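# Residue-level structure breakdown
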Amino acid sequence: MIASRHVGKISPIVLGTWRFQEWSMTAAEMAAFVEGAAEVGVTTVDTADIYGDYQGEAALGDALRRSPGLRDRLQLVTKCGIRLKSARWPDLRVKHYDCSRGYIAAQVENSLRSLSTDRIDLLLLHRPDPLLDADEVAEAFCALKQSGKVRTFGVSNYHPHQLELLQSRLPFPLVVNQIELSLLRTDPLADGTLDQCQKMRIVPMAWSPLAAGRLFSQGDERGLAVGEVLQRIGRETGLTPEQVALAWLMRHPSGVVPVIGTGKLERVRLAIAAANHSLDRQHWYELLEAAMGCEVA
């Protein structure tokens, strides 16, 4: 477990549920899968109000009701702040962001009902909102924390200056920034995002840590180049290429936590096993060199 004085215990790997409904599981099958993941140490589960056209949280909630006691073994993470055109919001003319106090409060109530729980362990603002009023968001967060409905707060896809603005209005720390990070998306290494996480002891959660499969796609030239190095290092370390890619992320001193989106328990087991392997410095830089397509300066 990754210890944090703010967020408690986040498992080294987070189970992402963006594609839950694509896995065609029954509620009982999903409950068994989440329970199996928890058994091997993946106890943090990530979702969002918009997943599955606003049905993803309810699907997860149905699964949790099937397994008494499972909820208390998990850390539930959900997100709000994006409004999609859908049957749920027939009057919306355009997809947009909404981080107003009223919308955050309303979506938390919806999430609590959908997830069949009385509290959210971690609430993230899903995307930066150009119309975000930091004082208003702070009021919403403080009210939710005081009520006990949300325990901790964070952001998703925020740049350092955006996180700093919101943090400046809060009397308690933001604990997570969930960002896109992989061997094919290395910007956070250099744009200050991971530096800020390390400085402020914020947990960086990495979504799409395997670059949505591009690392192993025949149609992606850069992905193939990185994939060849992953395979070679895998042979040298006894890891699978996927495990090497995850270990590369977790080697960073900011404490990167990959969010994996799989419905296969064996892949969950392999991912959590990767957390026990620390890549040596040269292997790490060999992969960075492959990712950049050149030596470091």
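Procedures and definitions
- Along each chain, the written sequence defines residue order, and numbers are assigned to residues from 1.
- Where local features are concerned, this predicted model is filtered to residues with pLDDT of at least 70; where side-chain atom pairs are given and counted, the filter is 80 or more; whole-chain, interface and lining totals use all residues.
- As a rule here, side-chain values come from all non-hydrogen atoms in the structure, and water together with hydrogens is ignored.
- In these notes, a set of buried Ala, Val, Leu, Ile, Met, Phe, Trp, Tyr and Cys residues joined through side-chain atoms within 4.5 Å is what counts as a nonpolar core.
- Any residue under 20% of the maximum accessible area for its type is buried, any over 50% is exposed, and the rest in between are partly exposed; the area is computed with a 1.4 Å probe on protein chains only.
- Every helix listed is a DSSP run of H or I at least four residues long, and every strand listed is a run of E at least two residues long, numbered separately from the N terminus.
- The contact criterion used throughout is that any non-hydrogen atoms of two residues lie within 4.5 Å.
- In this description, strands pair whenever DSSP reports at least two bridges between them.
- For helices, the fitted axis covers only the stretch in contact; all axes are lines through C-alpha atoms, and the angles between them, taken along N-to-C directions, range from 0 to 180 degrees.
- One speaks of a salt bridge when a side-chain nitrogen belonging to Lys or Arg is within 4 Å of a carboxyl oxygen belonging to Asp or Glu.

## Considerations on the nonpolar core
Buried together is how nonpolar side chains tend to be arranged in soluble globular proteins. Ranked by size, the top nonpolar core spans 53 residues in total, and within it Val 34, Leu 183, Leu 215, Val 226 and Leu 287 carry the most contacts. The set of elements that each furnish at least two residues to this core consists of helix H1 (27-39), helix H3 (56-66), helix H8 (221-237), helix H9 (241-250), helix H10 (265-274) and helix H11 (281-292). Looking at this core, the element that brings in the most residues is H9, giving seven residues. Contact partners of Val 226, with chain neighbours within four places excluded, come to Leu 183, Leu 184, Leu 215, Leu 287, Ala 290 and Ala 291. Counting 26 residues, the second-largest nonpolar core is a separate cluster that includes Ile 104, Leu 125, Leu 144 and Leu 174.

## Side note on the sheet that holds strand E12 (residues 257-260)
Read around the barrel, eight strands follow the order E3-E4-E5-E8-E9-E10-E11-E12 and close on themselves; strand pairing throughout is parallel. In this sheet, adjacent strand axes meet at a mean angle of 30° when their direction is disregarded. Two elements, strand E9 (residues 150-156) and strand E10 (residues 176-180), share two bridges in a ladder whose sense is parallel. Across the sheet, Ser 156 pairs through a bridge with Gln 178, a residue of E10.

## Focus: the pattern of salt bridges
Counted by the stated rule, this structure contains 19 salt bridges. The shortest N-O distance in the salt bridge between Arg 73 and Glu 35 comes to 3.9 Å. One end of the pair, Arg 73, is in the loop between H3 and strand E5 (75-80); the other, Glu 35, is in helix H1, and 38 residues separate them in sequence. Judged by its relative accessible area of 32%, Arg 73 is partly exposed. Judged by relative accessible area, which is 29%, Glu 35 ranks as partly exposed. One salt bridge in this structure joins Lys 79 and Asp 46, with 2.8 Å as the shortest N-O distance. Residue Lys 79 is located in strand E5, and its partner Asp 46 is located in strand E4 (residues 44-46); the two are separated by 33 residues in the primary sequence.

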